[in-house]
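Observations on chain architecture
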Amino acid sequence: MNPSDDLEYQLETLAIRTGHDRTFEGEHSEPIFLTSSFVCESAADAAAKFSGQIAGNTYSRYTNPTVQAFEKRLAVLDGAERAVATSSGMAAVHAICMAYLKAGDHVICSRAVFGSIIALFEKYVAKFAVEVTFVDLGDLEGWKQAIRPNTRLLFIETPSNPLAQVGDMQAIADIAHAHGALFTVDNCFCTPVLQQPIKFGADLVLYSATKYIDGQGRALGGAVVGKHDLLEEVNGVIRTLGNSMSPFNAWVFLKGLETLSIRMKAHCENAQKLSEWLQQHDKVEKVYYAGLPNHPGHELAKKQQKGFGGVVSFVVKGERQGAWTVIDNTRFLSITSNLGDVKSTITHPATTSHGRMSAEAKQAAGIEEGLIRVSVGLEDINDIIRDLSRGLDLI
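Residues numbered from 1 in each chain as written. Predicted model: local features only at pLDDT ≥ 70, side-chain atom pairs only at ≥ 80, totals over all residues. Heavy atoms only, no water.

Put simply, the rule reads: UniProt positions are given in the numbering used here, feature names are shortened, and annotations may be inferred rather than shown by experiment.
If you look the protein chain up in an unreviewed UniProt entry, it shows as O-succinylhomoserine sulfhydrylase from Acinetobacter suaedae. The record held by UniProt for the protein chain lists under Pathway (unreviewed entry) the comment "Amino-acid biosynthesis; L-methionine biosynthesis via de novo pathway; L-homocysteine from O-succinyl-L-homoserine: step 1/1."

Topic: helix 9 (residues 228–241)
Heads up, the condition is: Runs of E in the DSSP output that reach at least two residues are strands. Runs of H or I that reach at least four are helices, and both are numbered from the N terminus. Helices are assigned an expected span. That span is 1.5 Å times one less than the residue count. Burial classification: accessible surface area is computed with a 1.4 Å probe over protein chains only, and a residue below 20% of its type maximum counts as buried, one above 50% as exposed, and the rest as partly exposed. Contacts are assigned to residue pairs with any non-hydrogen atoms lying within 4.5 Å of each other.
Between the first and last C-alpha of helix 9 there are 20 Å, a value that for 14 residues agrees with the 20 Å anticipated at 1.5 Å per step. Buried residues of helix 9: L231, V234, N235, V237 and I238, and no others. As for helix 9, its buried residues are in contact with strand 1 (82–86), helix 4 (89–100), strand 6 (204–208) and strand 7 (222–226). Remark: G242 follows helix 9 within two positions and exhibits a positive phi of approximately 85°.

Remarks on the layout of surface pockets
Which entries qualify depends on this criterion: Only protein atoms enter the 1 Å grid used here, on which a cavity is any set of points holding a 1.4 Å probe that cannot leave and a pocket is any open set flanked by protein within 12 Å on both sides along at least five of seven lines; residues with an atom within 4 Å of a point are listed as lining. Grid points are joined across faces, edges and corners, and a volume is the space filled by probe spheres set on the points.
Considering only enclosed or pocket space, the largest pocket measures out at about 850 Å³ in volume. Lining the largest pocket are 40 residues, with T63, Q68, E71, K72 and R82 positioned closest to its centre. Elements supplying a minimum of two residues to the lining of the largest pocket: helix 2 (43–51), helix 3 (65–78), strand 1 and helix 9. The element that contributes the greatest number of residues to the lining of the largest pocket is helix 3, accounting for 6 residues.

Things to note about the sheet that holds strand 10 (residues 334–335)
Selection rule: Two strands are said to pair when DSSP picks up at least two bridges between them.
An order of 8-9-12-11-10 is seen for the 5 strands of this open sheet, with the pairing classed as mixed. Each edge of the open sheet is held by one strand with a lone partner, namely strand 8 (284–288) and strand 10. Note: strand 8 against strand 9 (residues 311–316), 4 bridges, orientation antiparallel. Among the inter-strand pairings, K286 is bridged to a residue of strand 9, identified as V315.

Observations regarding the nonpolar core
Stated precisely, the cut-off is as follows: Residues belong to a common nonpolar core when they are buried Ala, Val, Leu, Ile, Met, Phe, Trp, Tyr or Cys residues joined through side-chain atoms within 4.5 Å.
F70, L74, W143, L154, I156, F183 and I213 are the most contacted members of the largest nonpolar core, which totals 53 residues. The element that contributes the greatest number of residues to this core is helix 10 (residues 247–279), accounting for 8 residues.

In structure tokens, the structure reads:
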């Protein structure tokens, strides 16, 4: 498919057809270039490629055709100019910090983000004299008040992990841009199928490709998406530090993108049914899913998203003991902190994904002891409900 034709096609077609430039072999499926380096025709050719005078691959830490195919396809799906692939989602966050922050800078981050992101900012980025202020995702006045003259980056995840809080992307983008700061959105839960943050003012869009983009829990990877010139700095970080994506993993993600649209629709359908069932259960105190009309972010999610995603979190009676009873009595739900898999997964955030946070930080982020997160897979929804019932009925 010619890149100039991209605007003529729907997302489902682009997810299957873009990014692949066939080799002289005429292959139908994308090839995997499992090679660490590439051979040049001459010393002069090598010099020209290494200096950037001519295009061409030299070393897979810099560029690799399979990785580039994934980057091109993801960028098209996001409506962006460029994507830079990384070795994991957290590597993508780290690359953003290394590319755009320096000593003396200030970051504003939502409290409602993945636990490792909080740890990255508080424990590691802070070592380099970068200050971080955490604010509530939906408190727009709080975002405005947190701005300083040295604020360089505003960072959110919407919907958030694990409470499905929804952030007003356009409003936060306006705050960032009014003060010359970059606005970054972690779009892991929605993927480009359900949400395209660039349309709502995001400068950078972040992915853990490990999740829904793969879809079957096979490989680690991440990506940053945005304008070409802006991503030059991210690309420079990846080339230098080496947290690049492997060619094999890029091929896995290319295959994942081909079915992403149909999978996300099925995840959303199952998650909606599960959330509605949980809301009626007498052992469940709260349900966090933006697809429920009583969710505080429901109307905003309808405006920004094409679906409500596949992650449902809920609080059960009995605090930690009650949550562990539900988890331990499942028979086929996988007890793992990964998400976005065709297989349903279940975890206790307070002791896994957010386990290293202080008690105060957990409280501020709404991570209760009775909270359970389910990444709703593609099994029959009645089987999923029955599996959860085993433990809920014992509380």
